[in-house]
Amino acid sequence: MDKKLVISASPHITDSSTTRGLMLNVIIALLPTAVVSGIIFGARSLLVIGVTAAACVGFEAIYNILMKKPQTVGDLSAVVTGIILAFNLPSTIPLWIAIVGAFIAIVVTKQLFGGLGCNFANPALVGRIALFIGFASRMTTYGFPAKAAVDALATATPLATSGAFSGMSVFGTLLLGNYGGVLGETCSLTLIIGGIFLIVTKTIDFMIPAAYIGTVAVLSLVLGQDVVLQLLSGGLLLGAFFMATDYVTSPFTLKGKLIYGIGLGVLTCLIRFYGTMAEGVSFSLLLMNLLVPYINKATRQIPLGGAKKK
Amino acid sequence: MPSIFTRRAQGAHVPHNKNTAGKATEKMPLPAKIILPMQQHIGAPCAPVVQKGDTVYVGSVVGKAGGFVSADIHSGVSGTVDGIETLRFPNGALVSSVVIIPDGAQTPDPELKAPVVTDAKGLIEAAQKCGLVGLGGAGFPTAVKFSPKNPEAVDTLVINGAECEPYITADNREFLECSDTVISGIAAVKKYLNLKKVVIGIERNKPEAIDMMFSLTNGDADYKVMPLDSLYPQGAEKVLIEKCTGREVPRGGLPADAGVIVMNVTTVSTLGKYLKTGMPLTTKRLTIDGSCVNEAKNVEVIIGTPIIDVLNFCGGVKDEVGKIIMGGPMMGTAVLSADFPIIKQNNAILAFNEKEAKLAEPTPCVRCGRCLNACPMGLSPVEIVSAFEKNDVEDLNALMTDLCIGCGTCSFVCPTKRPLAQTMSLAKIAQRNGGKK
């Protein structure tokens, strides 16, 4: 023991969690939905997912090299952004548009604001909204289910047509996702499985999805809407489990998460029931993202012994 | 208990590694020399009362308390004072230390006799004469703890047997091997400080200790054994008080402000031994463990024995030792050298290999909020660290940075491996000084 010993302040141990591990959990949770999108919309959906994810990683890597910053692609957060962004695109999307979306997500929304942890809104969400506004018709040209042998048709989501399905029951169709829509929003079953996986592995807290979905369910019931349709379509589950739970753009405390989830649910229902666009989830997420710093400040915990004296 | 909306306070699932829980304490033979630093407690350092060449006995006073918040230091050997040298502590402080060469006879000091205690004053005096300090790690002088400003409002004694730090099993062995003095010590404190209730808090990963205390206190309505979840940091004073009594220590206050005195189990048992024999605190049970230790065990060590001698008694070390920790891995202190002596509040020596000694490189904060949901005090490390970086003293105050107990839970759970607890210590200083200096 003649060598010098390491001196450092306590604690001397940490748990095994890492950013990379958490992001890997999210990727695992997204995989079933990715596979199912390939089955429903055909192989091109897998191409869209692959290209979008690769573009996100590529933009992050290039940005870091150009700005002489440490390389951060190893934390896999760009992969998660890419997959979630692709889930918000239809299978028919021209690949260059997907790449533009990746640029907006990674460079404009994330890196220009300081990189991981500093973005004001969910990068994938901003990418999606920018594309939706810039390329509205191409963003809603949904690839029809592959087996229907119809390649591409401009059509409305179930939310816009309110239950014009043939064959299977509405519930079964919504659960399995065998209808037109963006890649990752139609199959409720795999989204729920992925969401449960994230909660069980403690990657995300149950509170945001529970408050969000619960609020939409209650408001739909009260306002006379079809509860099942409202819950299982229009990207609510994708938004509630995978986008609203983004660490950077959601509140810290349980109370904050509850308020955030309820706010999302109320805004989503208002936009869906009384707005002109079927974009309830995206716009409510963007608005609530911007409120997070205020929610954080307003919902701080009361420390042990820190209660105001009576 | 507060609602989870008030504060989550989840704590951390640290690895227990209680490898030595079943190992009976082994007594270590006399070392070649002992080194007694004059600072083995929180408070003023002691003044040496011996000189080179003086003869001392087991239990002789070597260092006299340097004020009210201080505690006498006694020799654990009979022998000759070799000199007074200056020792560098891990925190950088220089502390004068008495070096004693044992004569091997272990003659007890002829003046020692069991104290006669009849009231609170006598008990406080006994704690002083015993040189007793909080042995769970903090080293707060027990006599001071026994002298609250509001004695009439204090009604409960909480015994800290949580032992929530990984590896350490010394308190578990105290329960099992010294249950008689644990009980007699508790009874004395309860009687002379006129306390109504005793709550003994023990984590559920020590079932034998829980059973032992249940059977020994069974039938006495004043006593309660409280099994605690095996969750770090159940043994943190303020957390323990809340779990055991439901009371909160107010911000800036002491346990006495919640009507409670908290004592570590080994401290109360040492008091029990002193009341019986009159032999002050000169030995300590330590858990010796860690990946580099050949034979992990519990050892009874004379205070002042160099760490290297203790490690050699445990079969020596294997691999390259990267870090030696006095205490547990969550709150213990990394020492500069294996020549450093065992001091009173030590309860473990851990030797980690070079790989474990290195901490992971921090990556950018992802604002996941795990630190604030885990923080046992309900603080928000993520926001405190960012207020510190901005030197925003107002926000450091609003975030009650001063309540941080330094338990390390936030750093432990952080997925980005940021040194949160370490930065919190700096933030506390900045808050006190009105900004970064």
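Residues numbered from 1 in each chain as written. Chains lettered and ligands numbered in written order. Predicted model: local features only at pLDDT ≥ 70, side-chain atom pairs only at ≥ 80, totals over all residues. Heavy atoms only, no water.

A.B. asks: Please provide a residue-by-residue account of the domain arrangement of chain B, values included.
C.D. replies: All names here are of chain B. Entries for chain B in the domain assignment read domain 1 (29-112), domain 2 (120-277), domain 3 (282-358) and domain 4 (370-433). For domain 1 and domain 3, the distance between their C-alpha centres works out to 21 Å. Taken together, the contacts link 24 residues of domain 1 with 18 residues of domain 3. For the pair domain 1 and domain 3, the summed buried surface comes to about 1,400 Å²; carbon and sulfur atoms form 73% of the total. When residues of domain 1 are sorted by the area they lose upon contact with domain 3, Ile35, Gln40 and Pro90 head the list and together hold 38% of the total. Taken together, domain 1 and domain 3 are joined by 0 salt bridges. For the pair domain 1 and domain 3, the number of links is 3 residue pairs in polar contact (both at pLDDT 80 or more). The set of elements that each furnish at least two residues to the side of domain 1 that touches domain 3 consists of strand S2 (34-37), strand S6 (73-74) and strand S7 (79-88). Top contributing element to the side of domain 1 that touches domain 3 by residue count: S2, with 4 residues. (Domains from an automatic or database assignment. Contact = heavy atoms within 4.5 Å. Buried area = accessible area lost by both parts, 1.4 Å probe. Salt bridge = Lys/Arg side-chain N within 4 Å of Asp/Glu carboxyl O. Polar contact = N/O pair within 3.5 Å; in protein donor to acceptor, adjacent residues only side chain to side chain. Helix = DSSP H or I, 4+ residues; strand = E, 2+ residues; numbered from the N terminus.)

A.B. asks: Can you break down the pairing of strand S9 (residues 156-161) of chain B residue by residue, with the values?
C.D. replies: All names here are of chain B. Of all 6 residues that make up S9, 6 are buried, and the element is covered over most of its length. Taking every second residue as pointing to the same face, both faces of S9 are buried, with Thr156, Val158 and Asn160 on one and Leu157, Ile159 and Gly161 on the other. Where S9 and strand S10 (residues 197-203) come together, 6 bridges link them in parallel fashion. Bridge pairing in S10 places Val158 opposite Val199. (Buried < 20%, exposed > 50% of the residue type's maximum accessible area, 1.4 Å probe, protein only. Pairing = 2+ DSSP bridges.)

A.B. asks: Residue-level account of the sheet that holds S7 of chain B, with values.
C.D. replies: All names here are of chain B. An order of S2-S8-S7-S4 is seen for the 4 strands of this open sheet, with the pairing classed as antiparallel. Each edge of the open sheet carries a strand with a single partner, namely S2 and strand S4 (55-56). Here S4 runs beside S7; their pairing, made up of 2 bridges, is antiparallel. In the sheet register, Val56 faces S7, and the bridge partner there is Gly79.

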